Amino acid sequence: MSRSRRIRHSLLAVLAIPLVAIPIATPALAVAAVGATKTYAAESGPGYGYGYGGSVESYGGAHGGVYGGGIVDPYRQSLGTSTATVDSEPATEAESAGVVLINTTVGYGTGQGAGTGLTITGDGIVVTNHHVVEGATSITVADPSTGETYAATVLGYDDVHDVAVLQLEDASGLSTVATDRDAATQGEEVTAVGNAEGQGSLSAADGTVTDPSTAITVNNEDGTAAELSDLIQTDADVVSGDSGGALLDEDGEVIGMNVAATSGSAEISGYAIPIDTVLDIAAQILAGEESGDVEIGGSAAALGVQVDTTRSTLVVGVVEDGAAEAAGITEGSTITSVDGTAVASIDDITSVLGDHEPGDEISVSWTDAAGEAHTATVTLGEGPVA
């Protein structure tokens, strides 16, 4: 679902895994090995493409592309193949301050994910990794210090640097993280805090900085590789679910945001985005400045149909309460035009909808299963986070 990230620096010969914990079964994992380090990416199976506004699986979304094979969370991983013994313990109250638990639903209920976030304002601005919320059709954030849970929306993201900014609904008076923008130093002691393995509580893993500025390659779900640079490398036992969590220094201040870790070897290496980078991206998003790698908003416009990619624009499923259902489009229909433009493939649909935002009204024409032609005006809904 990600757009390809640009290469900006020379890369280390290491592959890392993003850190979203997925508590439900998904298709088999494709495994690639580099030396003693393995990386895991979800493997697609046969099936149809989804048109819901995502960047690859698209219920009529803004970024085109068809993902052959149902909803697959991009960052499922299995640490069961690793020979490492994870050394962590429950996070203390001080270590937990401002750190929150993120849960996502993908594919309108067909999958789930869990990660971590950092609260940076008392009224509910939270930063996390883009890959934690990518593809989500709903997001909830729990504050473990109070037990409160909030619905969340994505205000914007930078998928090149893997940062997203969330707004929690009706939030106020939240505890925030203390941050230190100074660069990490070799050998300094650190603690990684996050929703390890999606367990629904915060764990802390101690370690040291082994490289204050490095670059890695991360495996994407579609088999492509993405590059992240200027990361803090540590020997803290960072695991799935820790994405978006805190990397604390000796003073308990956040110096980085967990983003990836190696797997498959006897020792785990964790990686974090410097908090200085995270906060600069967040400031740009909060200012509404869409430039460079920053995108404002999260969800693309969605028509709400599931299309069989092997049979033109045949509708094989309709999203409940979506635009298509409201218009009367049913399973077995064939979409013939969108916004006055003839369409013959899911790519055609996503191309047209890419020019629109959720809430726009457009015309849709289709032929039902009995061969009768229809045209209706629909109000486009929100698809998954791009």
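Predicted, not measured: the structure shown is a model, and the values here were computed from it. (Residues numbered from 1 in each chain as written. Predicted model: local features only at pLDDT ≥ 70, side-chain atom pairs only at ≥ 80, totals over all residues. Heavy atoms only, no water.)

### What to know about the overall build of the chain
Okay, step 1: Scanning the chain for helices and strands turns up five helices and 26 strands.
Okay, step 2: Counting the 386 residues in the chain, one finds 55% classified as buried.
Okay, step 3: Restricting to contacts in the chain with at least 6 residues of sequence separation, those with at least 24 account for 65%.
Okay, step 4: Accessible surface computed for the chain: about 14,700 Å², of which carbon and sulfur atoms make up 45%. (Helix = DSSP H or I, 4+ residues; strand = E, 2+ residues; numbered from the N terminus. Buried < 20%, exposed > 50% of the residue type's maximum accessible area, 1.4 Å probe, protein only. Contact = heavy atoms within 4.5 Å. Areas by Shrake-Rupley, 256 points an atom, 1.4 Å probe, with all protein chains shown as cover.)

### Points about the environment of Val 160
Okay, step 1: Locating Val 160 in the fold gives a position in the loop between strand 10 (148-158) and strand 11 (163-168).
Okay, step 2: What makes Val 160 buried here is its relative accessible area of 7%.
Okay, step 3: Put simply, Val 160 and His 130 are 30 residues apart on the chain and 9.0 Å apart in space, counted from C-alpha to C-alpha.

### What about unusual backbone geometry?
Both trends apply: most residues other than glycine have a negative phi, and most peptide bonds are in trans.
Okay, step 1: Positioned with a positive phi, Glu 197 is a non-glycine residue whose angle comes to about 60 degrees.
Okay, step 2: Given the relative accessible area of 45%, Glu 197 is considered partly exposed.
Okay, step 3: Here the phi dihedral of Asp 230 falls at roughly 55 degrees; this positive angle occurs in a residue that is not glycine.
Okay, step 4: Note that Asp 230 resides in strand 14 (residues 225-234).

### Some words on the nonpolar core
Okay, step 1: Ranked by internal contacts, the top residues of the largest apolar core, which has 32 residues, are Leu 118 and Val 193.
Okay, step 2: Considering every element that reaches this core, the biggest residue donor is helix 3 (residues 275-286), with six residues.
Okay, step 3: The contacts of Val 193, once residues within four sequence positions are left out, are Ala 91, Glu 95, Val 99, Thr 116, Leu 202, Ser 203, Ala 204, Asp 242, Gly 245, Ala 246, Leu 248 and Asn 258.
Okay, step 4: If you look at the next biggest cluster of nonpolar residues, it comprises 21 residues, including Ala 323, Ile 329, Val 343 and Ala 376. (Core = buried A, V, L, I, M, F, W, Y, C linked by side-chain atoms within 4.5 Å.)

### Re the pattern of salt bridges
Okay, step 1: Counted by the stated rule, this structure contains two salt bridges.
Okay, step 2: Across the pair Arg 181 and Asp 276 runs a salt bridge whose closest N-O atoms are separated by 2.4 Å. On the criterion of sequence distance, the pair formed by Arg 181 in the loop between strand 11 and strand 12 (189-194) and Asp 276 in helix 3 is long-range, its members being 95 residues apart.
Okay, step 3: Overall, the relative accessible area of 41% leaves Arg 181 in the partly exposed class.
Okay, step 4: With a relative accessible area of 29%, Asp 276 lands in the partly exposed category.
Okay, step 5: Among the ionic pairs, Arg 181 bridges to Asp 280, the shortest N-O distance being 3.1 Å. Highlighted residues: Arg 181 in the loop between strand 11 and strand 12 and Asp 280 in helix 3, separated in sequence by 99 residues.
Okay, step 6: A single network of salt bridges, built from pairs that share partners, joins Arg 181, Asp 276 and Asp 280. (Salt bridge = Lys/Arg side-chain N within 4 Å of Asp/Glu carboxyl O.)

### Quick notes on a negative patch on the surface
Okay, step 1: On the surface, Asp 87, Glu 89, Glu 189, Asp 206, Glu 250 and Asp 251 cluster together to form a negatively charged patch.
Okay, step 2: The class for Glu 189 is partly exposed, based on a relative accessible area of 47%. (Patch = residues over 30% accessible without salt bridge, like charges linked within 9 Å, V, L, I, M, F, W, Y side chains within 5 Å. Lys, Arg positive; Asp, Glu negative; His and termini not counted. Charge placed at Lys NZ, Arg CZ, Asp CG, Glu CD.)

### A short note on the sheet that holds strand 22 (residues 334-338)
Okay, step 1: One open sheet holds the four strands; their spatial order is 23-22-24-25, and the pairing between them is antiparallel. Taken across any chain shown, the strands that pair with only one partner, and hence form the sheet edges, are strand 23 (341-342) and strand 25 (373-379).
Okay, step 2: Pairing between strand 22 and strand 23: two bridges, direction antiparallel. Bridge assignment links Val 338 to a residue of strand 23, and that residue is Thr 341.
Okay, step 3: Most of the contacts of helix 5 (residues 346-353) go to strand 22, to which it runs at about 35 degrees, and overall it touches strand 22, strand 23 and strand 24 (361-367). (Pairing = 2+ DSSP bridges. Axes fitted to C-alpha atoms, helices over the stretch in contact; angles between N-to-C directions.)

### A few points about helix 3
Okay, step 1: When the terminal C-alpha atoms of helix 3 are compared, their 16 Å separation across twelve residues agrees well with the 16 Å that a helix rising 1.5 Å per residue should span.
Okay, step 2: Listed in full, the buried residues belonging to helix 3 are Ile 275, Val 278, Leu 279, Ile 281, Ala 282, Gln 284 and Ile 285.
Okay, step 3: A positive backbone phi angle near 75 degrees is found at Gly 288, which sits one or two residues after helix 3. (Expected span 1.5 Å × (residues − 1).)

### As for the pairing of strand 10
Okay, step 1: Bridging between strand 9 (residues 136-143) and strand 10 involves four bridges; their strand directions are antiparallel. Paired with Thr 140 across the bridge in strand 10 is Ala 151.
Okay, step 2: Between strand 9 and the antiparallel strand that follows it, strand 10, lie four residues; Gly 147 among them carries a positive phi value of about 80 degrees.
Okay, step 3: Where strand 10 meets strand 11, six bridges bridge the pair, whose relative direction is antiparallel.

### Side note on helix 5
Okay, step 1: For helix 5, the set of buried residues is Ile 346, Ile 349, Thr 350, Val 352 and Leu 353. Here the buried residues of helix 5 occupy an arc of 160 degrees about the axis, which is enough to place them on one side. (Arc of directions from axis to C-beta.)

### Quick look at the confidence of the model for the chain
Okay, step 1: When pLDDT is averaged along the chain, the result is 78; 75% of the residues meet or exceed 70.
Okay, step 2: Contacts for the low-pLDDT stretch residues 1-17, under 50 throughout, to residues beyond four places or in other chains number 72 contacts. (pLDDT = per-residue confidence, 0-100.)

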